[in-house]
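# Observations on the three-dimensional arrangement
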Amino acid sequence: MKNALGDHQSLLVLGGSSEIARSTARLMVGRRTRTVHLAGRPSPELDASAAELRALGAEVTVLDFDAADVDSHAAVLGKAFTEGDIDVVLLAFGVLGDQAEDERDPVAAARVAQVNYVGAVSASLVCTQQLRGQGHGALVVLSSVAGERARRSNYIYGSSKAGLDVFAQGLGDSLRGSGVQVLVVRPGFVHTRMTAGLKPAPLATTPDAVAAAVLDGLGRNAHTVWAPGALRFVMSGLRHLPRPVFRRLPI
Amino acid sequence: MESLTGWGRTAPTLARVERPTTVEEATLAVLAAGPRGAVARGLARSYGDAAQNAGGRVLDMTGLSRILDIDLPAGTVTAEAGVSLHQLMKVLLPLGWFVPVTPGTRYVTLGGAIGSDIHGKNHHVSGSFSRHVSSFDLLTADGSVRTVTRESDSDLFHATVGGMGLTGVVTTATVRLLPVRTSLMSVDTERAADLDELLARLTTTDHRYRYSVAWIDLLAKGGSMGRAVLTRGDHAEPGQLSPAQRRDPLAFRPATLPAAPRLLPGGLLRPVTVGLFNELWYRRAPRERRGEIQKISTFFHPLDGVPEWNRVYGRNGFLQYQFVIGLDQERTLRRIVERISRSQCPSFLAVLKRFGQGDPGWLSFPAEGWTLALDIPTGMPGLGGLLNELDDEVAGAGGRVYLAKDSRLRPESLAGMYPRLDDFRRLRAELDPAGLFTSDLARRLRL
C-alpha cells in the first residue's frame, strides 16, 4: 500500500532490464519499496538488475515475460498480482530498432511496432484490470518525445510510441475515478545502452533524472511528465511547425 | 465504489461502502464480501488507513446506532457499535453518567473505541476503553455473532480490543459508565517553562487529577525546549458551580462553530506561522489558574467545535505521530523532543501525557509511560526520514506507535513494538482463514 507520504511498498517492472526502470526501481527501494517483480526476457541484465535490488534490501521475483507474446500476458503478469497488492506498475519495455535497416525489412519494422505498441496495449490492460480490482495503484507508461511528431530519422520507433502515448492517455481518462492513476512519461534523449553510439539530442538526460521525474509525477498525481521538463515547451513549439519547415530541421 | 481516506486525508483508495442498519444486513454484507474482504468503518476519525479497504467492502456502521439498554442503578449502557460517544453523552449526562474514557473527539463510535482501544486524559486513573467494556457481540468471518467477554473468551476479547477491526465486526457492546454530579469540569491550568519542569510536574502531581494533559511547544528551542501548558481537571461538584450553572448542572450543550472552508491552500502551516501560534498559545495561558469551570466539550473536545478542522492542512493532508515509551526512558523522550524541535517540525497540536498501567489487549497501544502525539502536515520536507528515525528510537526503547493514528510505519518495525503480534496473527488465521477481514492498514503493515 501507498503510505501517507506517498511512498510505495511494491513495484512491478515490465522490461526489468531497462536502464530507466532500473534507476526508478533503485530510487524506490531506497525510499520504501520492499517488493519488486521484474518481468522481462531472461538475460544477464535482468539477473543483474534483480541482484542489485536484492542487495539494496528488496524482495525480488523475476518473471519470464515476452512483450511480443501477448497471449501469455494475462497468465504471466497475473502471477505477480497473486502474492499481494502492487502499488506501481512501470511499463518500461521497448525497442528502438534501426530505422535504415527497418525501412528495408518490413518484418523487422513490424517487430518494433509489435513490441512497443501491441505488446504494451495488452500488458497495460492486463495490469490495469488488476489495479482496478485492487482499488488503488498506478501504471507508469514510458512513452517518448519521439511520439510527438514523426521525424525522418526515426518515424518507425516514433510512430509506435505515438500509438502507445495516445493509448495510455485514453486509458488514463477511462480510469478516472477508479483509484488507478496512469502516468505517461515522455523522456527526450536518454543516455542508455539503447542510444549508445547515437548523437545526443539537445536536452539529453539520464536514467536517474527520468526516475526522479517519474516519482515526482506519481507524487503529484500527474497524468504526464516530461523529462527534462523543458521539453514540454520545446515540443509544443515543434508540434506546430508547418511540415515543410519541420522537414528541413536537422533532427 | 467510493473513495475513502482517514481523518488525515492521505492515501485515498476505492471501496464499495455498505450501510447496514441491522446485524442481519451487516452479516450479509460480510458474507458477500469477495476476495478483497471487508472492514468496519465508524466516523473515520482514525488518522490513517485503518477503516479503508481498497477494492473491497467497507461497512459503514453508523446506521447501527441504537442505544439498547441503560442500566441506571448498575451504571452500564448497551448500545450498537455505530453509536457515537457524542450520542452517548447527550443521553447519559442528564442521567448523571459519563463515558468512562473519551479521546480528543466525541465523534468516535463505540465499535471504533473498542477496535482502537482508545485512551483519554484519564488513562493514568482509568486505563484504556477496553477496561470498561464488560462484553461485546462480534460478527466473525463465518457469519456467526458471538458474545465475547474477557472471562468467556479471553483470547478473542484481547485480540479484538485494539485489534483494528481485523477479528470481525463489533455489533453491540456493554460499557460501564462513570457517575458524575455535574456536566462541568473544574480545571487547573499552569505553565511549565521547559521539558524538565514539565516531566517533574506530571510525575509528582498527576495523581491528584482524574484528567491530565500537557500541550507542548515543539518548536521552542534552547532553554525553553519542551515548554508546555498543563491542563488538568476533574468533574466539578455542584458546590463549585455558580448559581446559574447550578440550575441545570447536568446540561450538555456543546457549542459548534462553522466548518473549516473546503478549499484552503496547503502550506499555511509552516514553522514561522506555527511558531507564532505556539508563542501566542503559550503566552496566553495563565501562569497558574485553579478551579476554572469549563464545559465538557471545552475541556475534552475543543476541536470538535470546528467541524472538518482537518481541512486546515490543505490538499496534501496530515498525519499524527503518537508513540509511548516507558517512564524510565526519559532520556530517549528528551532526545526525541530535541530531534523534533531541531527539525522545526511545524506542529501546533502536540500533546504529552503520562500513561498509567496498560491493559492486556494484544495490539492495545497504551502502556505505562510517556506518550507524545503530534500532528504534522505531510508536505514537510524530510518527514519520512525523521519519523523513521523516531520509530527506531521508540522501538529501541521498548515503546510503540499507535496504529489508530498510523499511516506510514514500516512493516518491519511492527513486531518489535507489539510483542503479541504473532498471537494476534495466529488467532486471526484460525478465526478467519480466508482473511476476510482486512484493511489498507492490514495490507500495509502485513498484520
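Presented here is an overview of the structure given in this document. (Residues numbered from 1 in each chain as written. Chains lettered and ligands numbered in written order. Predicted model: local features only at pLDDT ≥ 70, side-chain atom pairs only at ≥ 80, totals over all residues. Heavy atoms only, no water.)

Before going further, it helps to spend a moment on helix 8 (residues 271-284) of chain B. Over its 14 residues, helix 8 of chain B runs 19 Å from end to end, which matches the ideal 20 Å to within 8%, given 1.5 Å per residue. Contacts from the buried residues of helix 8 of chain B go to strand 12 (184-192), strand 13 (211-216) and strand 14 (228-235) of chain B. (Helix = DSSP H or I, 4+ residues; strand = E, 2+ residues; numbered from the N terminus. Expected span 1.5 Å × (residues − 1). Contact = heavy atoms within 4.5 Å.)

If you walk through the whole model with that rule in mind, you get 2 cavities of 30 Å³ or more. In this model, the largest cavity occupies a volume close to 50 Å³. Taken together, Leu319(B), Gln320(B), Tyr321(B), Gln322(B), Val401(B), Tyr402(B), Lys405(B), Asp406(B), Ser407(B) and Arg408(B) form the lining of the largest cavity. A per-class count over the lining of the largest cavity returns 4 nonpolar, 3 polar and 3 charged. Considered as a void within the structure, the second largest cavity measures approximately 30 Å³ in volume. Surrounding the second largest cavity, Ala4(A), Thr10(B), Ala11(B), Gly48(B), Asp49(B), Gln52(B) and Ser407(B) form its lining. A per-class count over the lining of the second largest cavity returns 2 nonpolar, 4 polar and 1 charged. (1 Å grid on protein atoms, 1.4 Å probe; cavity = no way out; pocket = protein on both sides within 12 Å on 5 of 7 lines; lining within 4 Å. Points joined across faces, edges and corners; volume = space filled by probe spheres on them. Nonpolar A, V, L, I, M, F, W, Y, C, P; charged D, E, K, R; others polar.)

Counting from both sides, the interface comprises 21 residues of chain B and, opposite them, 17 residues of chain A. With both sides pooled, the region where chain B packs onto chain A buries about 1500 Å², and carbon together with sulfur makes up 58% of that total. If you sort the residues of chain B by the area they bury against chain A, Leu14(B), Arg36(B) and Arg444(B) come out on top, with a joint share of 28%. Run the count over chain B and chain A and you get 3 salt bridges. Our enumeration of links across chain B and chain A arrives at 8 residue pairs in polar contact (both at pLDDT 80 or more). Elements with a minimum of two residues in the side of chain B that touches chain A: strand 2 (13-18), helix 11 (383-396) and helix 14 (440-445) of chain B. Counting residues per element, the side of chain B that touches chain A draws most heavily on helix 14 of chain B, which supplies 3 residues. Looking at side-chain class alone, the side of chain B that touches chain A contains 7 nonpolar, 6 polar and 8 charged residues. (Buried area = accessible area lost by both parts, 1.4 Å probe. Salt bridge = Lys/Arg side-chain N within 4 Å of Asp/Glu carboxyl O. Polar contact = N/O pair within 3.5 Å; in protein donor to acceptor, adjacent residues only side chain to side chain.)

Residues and elements named next belong to chain A. Counting buried positions along strand 5 (residues 137-142) gives 6 out of 6 residues, so the element sits mostly inside the fold. Because side chains alternate across strand 5, one face comprises the buried residues Gly137, Leu139 and Val141, and the other comprises Ala138, Val140 and Leu142, equally buried. With 4 bridges connecting them, strand 4 (residues 88-91) and strand 5 associate as parallel partners. Across the sheet, residue Val88 finds its bridge partner in strand 5, namely Ala138. By the bridge criterion, 6 bridges tie strand 5 to strand 6 (residues 180-187) in an arrangement that is parallel. Counted as the bridge partner of Gly137 is Val180 from strand 6. Chirality of the crossover, the property in question, places the unit of strand 5, helix 6 (residues 155-174) and strand 6 among those that are right-handed. (Buried < 20%, exposed > 50% of the residue type's maximum accessible area, 1.4 Å probe, protein only. Pairing = 2+ DSSP bridges. Right-handed = clockwise from strand over helix to strand, strands pointing away.)

Residue Ala227(A) is joined to Pro228(A) through a cis peptide bond whose omega torsion reads -5°. Topologically, Pro228(A) is positioned in the loop between strand 7 (224-227) and helix 8 (231-239). Despite not being glycine, Asn221(A) shows a phi value in the positive range, around 60°. For Asn221(A), the position within the fold is in the loop between helix 7 (207-219) and strand 7. Even without being glycine, Ala44(B) reaches a positive phi, approximately 60°.

A few words now on the environment of Arg408(B). Of note, Arg408(B) is situated in the loop between strand 19 (400-401) and helix 12 (414-417). Look at Arg408(B) and you get buried, because its relative accessible area is 2%. Taking the C-alpha atoms as reference points, Arg408(B) and Gly384(B), 24 residues apart in sequence, are found 8.1 Å from one another. In this structure Arg408(B) touches Asn3(A), Leu5(A), Arg32(A), Leu319(B), Tyr321(B), Leu387(B), Asn388(B), Asp391(B) and Arg444(B), once residues within four positions along its chain are discounted.

This part takes up the sheet that holds strand 14 of chain B. Residues and elements named next belong to chain B. The 8 strands lie next to each other as 15-12-14-13-17-18-16-19, forming an open sheet whose pairing is antiparallel. In this open sheet, the two strands that pair with only one neighbour each are strand 15 (288-295) and strand 19. Where strand 12 and strand 14 come together, 8 bridges link them in antiparallel fashion. Bridge pairing in strand 14 places Ser186 opposite Asp234.

Our next topic: the sheet that holds strand 6 of chain A. Residues and elements named next belong to chain A. Read from one edge to the other, the open sheet built from 7 strands follows the order 3-2-1-4-5-6-7, with strand pairing classed as parallel. Either end of the sheet is taken by a strand with one partner, and the two such strands are strand 3 (59-64) and strand 7. Across the sheet, the mean angle from the axis of one strand to that of its neighbour is 15°, orientation sign disregarded. Where strand 1 (residues 10-14) meets strand 2 (residues 35-40), 5 bridges bridge the pair, whose relative direction is parallel. By the bridge assignment, Leu14 is partnered in strand 2 with Ala39. Its contacts with the sheet put helix 8 on strand 6 and strand 7, and the angle it makes with strand 7 is roughly 95°. (Axes fitted to C-alpha atoms, helices over the stretch in contact; angles between N-to-C directions.)

This brings us to the packing of aromatic side chains. Overall, the coordinates contain 16 aromatic pairs over all chains when judged by the stated rule. Between Phe65(A) and Phe93(A), the ring centres sit 5.7 Å apart and the planes meet at 50°, which makes this aromatic pair tilted. Taken together, the residues span a long stretch of sequence, with Phe65(A) in the loop between strand 3 and helix 3 (73-82) and Phe93(A) in the loop between strand 4 and helix 4 (99-104) at a distance of 28 residues. Both residues of the pair, Phe65(A) and Phe93(A), belong to the buried class. Here a set of aromatic residues connected by ring pairs shows up, and it is made of Trp7(B), Tyr47(B), Phe277(B), Trp281(B), Trp309(B), Tyr313(B), Phe318(B) and Phe348(B). (Phe/Tyr/Trp six-rings, centres within 6.5 Å; stacked < 30°, edge-to-face > 60°.)

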